[in-house]
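# Report on the structure
Here is what each chain is made of, one letter per residue.
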Amino acid sequence: MFERVTIVGVGLLGASLGLALKDRSLTKHIVGVGRKSSPSLDVALTRKAIDSSACDVATGAKGSDLVILCTPIRQFCNTLRDLAPVLLPDAIITDVGSTKVEVMQWAAKQFPLEKKGGGESPIFIGSHPMAGSEKRGPEHARHDLYEGSLCLLCTPDDLRQNLGGGESTGTTRTLAAFEKIQRLWRHLGMRTLWLPAKEHDRWVATISHLPHAVAFSLVNAAGREPQMLQAVAGGFIDTTRVASSDIDMWVDIFLTNRDAVTQAIDTFSADMTTLRQAIADGDEPAIRHALAAAKKTRNDMIAKRK
């Protein structure tokens, strides 16, 4: 699908992406970009997740027809700025970031659909593959990490009315880029779903970011009495698995999706308050109602996923 791909950030997600692209012969050459002080580039090269490496984004991306951002999200802004002068107009940029509103704004600033004075810019298509692990680093990369999961896609604002058909000025190239990135993720075994960036951030705040916030908080609550941790069983381990996730990544996620995450936490807190009151009151019907509603919703969700 691509002659030359640059992956900026070769941690778990970036290196797994490199392995998947090579496993399916979707590109001829993969360049990994990372910090000179980090061992990740050497590990990714040893594992054959990338073919060559660079410590400078502009150098690594020059001549690539696809660039994929796999670093912590708050690094995207500077990376997009550094990419703007070196990419050819027919290049596509995408990412694996878990938030989209700010990312799409940064991309629109550096890669407008219509440049002042004429000419065309590379096109940014926002991607969020809902896959990963609490582990980090290219040593844990897997060629099948993305298989069977969902990838959410976001496009520049003016395409929203045209994604389902029809065209208007400035959307033809974007639609072609969107379709190519959608095919890419599908070739990696993913399902895809298009969402406006704001809707994306609201959805993932509840189904992804809130569970992580709850897991972090639950471990901290239990950690106030460390001696009790020797008695934890499977339920606690399963519920808090994601509390072992990469700290830098989750700081960036929370800070680039503040409004949606705080709203999700408020909704969760209200539900917890209702359940707490029912328990305090000894209100068995109310407790049963809350538990039964959750059980039904989850069972229906699992059945549909199967």
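What counts, and at which threshold
- Residues numbered from 1 in each chain as written.
- Predicted model: local features only at pLDDT ≥ 70, side-chain atom pairs only at ≥ 80, totals over all residues.
- Heavy atoms only, no water.
- Pairing = 2+ DSSP bridges.
- Helix = DSSP H or I, 4+ residues; strand = E, 2+ residues; numbered from the N terminus.
- Contact = heavy atoms within 4.5 Å.
- Axes fitted to C-alpha atoms, helices over the stretch in contact; angles between N-to-C directions.
- pLDDT = per-residue confidence, 0-100.
- Core = buried A, V, L, I, M, F, W, Y, C linked by side-chain atoms within 4.5 Å.
- Buried < 20%, exposed > 50% of the residue type's maximum accessible area, 1.4 Å probe, protein only.
- Salt bridge = Lys/Arg side-chain N within 4 Å of Asp/Glu carboxyl O.
- Expected span 1.5 Å × (residues − 1).
- Disulfide = S-S within 2.5 Å.

### Considerations on the sheet that holds strand 4 (residues 66-69)
- Spatially, the 6 strands line up as an open sheet ordered 3-2-1-4-5-6, and their pairing is parallel. Strands with a single pairing partner mark the edges of an open sheet, and in this sheet they are strand 3 (52-54) and strand 6 (123-124).
- Note: strand 1 (residues 2-8) against strand 2 (residues 27-33), 6 bridges, orientation parallel. Bridge pairing links V8 to V33 in strand 2.
- Strands in contact with helix 6 (residues 172-187) are strand 1, strand 4, strand 5 (92-95) and strand 6; relative to strand 5, the strand with the most contacts, it is inclined by about 50°.

### A short note on the confidence of the model for the chain
- Per-residue confidence for the chain gives a mean pLDDT of 92; residues scoring 70 or more make up 94%.
- Ignoring residues within four places in sequence, the model shows residues 165-170, a span with pLDDT below 50, making 8 contacts including any to other chains.

### Comments concerning the nonpolar core
- Membership of the largest hydrophobic core comes to 38 residues, with the highest contact counts inside it found for I7, L17, L21, L66, Y146, I181 and W185.
- Residue assignment for this core shows that the elements contributing at least two residues are strand 1, helix 1 (12-23), helix 2 (40-46), strand 4, strand 8 (150-154) and helix 6.
- Here this core takes 7 residues from helix 1, the largest share from any one element.
- Those residues in contact with Y146 that lie beyond four places of it in its chain are L13, S16, L17, V96, P129, A131, W185, L188, G189 and M190.
- Within the second largest apolar cluster, 25 residues are counted, among which are V31, A61, V67 and W106.

### Considerations on the pattern of salt bridges
- Applying the stated criterion across every chain yields a total of 13 salt bridges.
- The partner of R142 in a salt bridge is D144, with the nearest N and O atoms 3.0 Å apart.
- Look at R142 and you get partly exposed, because its relative accessible area is 39%.
- The shortest N-O distance in the salt bridge between D300 and K296 comes to 2.7 Å. With a gap of 4 residues between them, D300 and K296 both fall in helix 11 (residues 284-305), about one helical turn apart.

### A closer look at helix 10 (residues 258-281)
- Its 24 residues give helix 10 an end-to-end C-alpha distance of 34 Å, which sits within 8% of 34 Å, the value for a rise of 1.5 Å per residue.
- Within the sequence span of helix 10, burial applies to A260, V261, A264 and A278.
- Looking at the buried positions of helix 10, the neighbouring elements they touch are helix 7 (197-222), helix 9 (247-256) and helix 11.
- Once helix 10 finishes, G282 follows within two positions and takes phi at roughly 65°, a positive value.

### With respect to the environment of L193
- By the secondary structure assignment, L193 is in strand 9 (residues 191-194).
- Each C-alpha atom, one on L193 and one on I237, is 31 Å from the other, the two residues being 44 residues apart in sequence.
- In this structure, L193 is in contact with L150, C151, L152, L153 and W203, ignoring residues within four places of it in sequence.

### Overview of the state of the cysteines
- Taken as a whole and assessed by the stated rule, the structure comprises 0 disulfides.
- C154 supplies the cysteine sulfur nearest to C151, a cysteine that is in no disulfide, at a spacing of 9.3 Å.
- Under the relative-accessibility criterion, C151 is labelled buried at 0%.
- With a relative accessible area of 1%, C154 lands in the buried category.

### Quick word on the sheet that holds strand 9
- Taken in spatial order, the 3 strands line up as 7-8-9 in an open sheet, and their pairing is mixed. Lying at the two open borders of the sheet, with one neighbouring strand each, are strand 7 (126-129) and strand 9. The sheet shows a mean angle of 25° between the axes of neighbouring strands, taken without regard to direction.
- Inspection of the sheet shows strand 7 paired to strand 8 by 4 bridges, in the antiparallel sense. Residue G126 lies in a different strand from strand 8, and its bridge partner there is C154.
- Relative to the sheet, helix 7 contacts strand 7, strand 8 and strand 9, its axis offset from that of strand 8 by approximately 145°.

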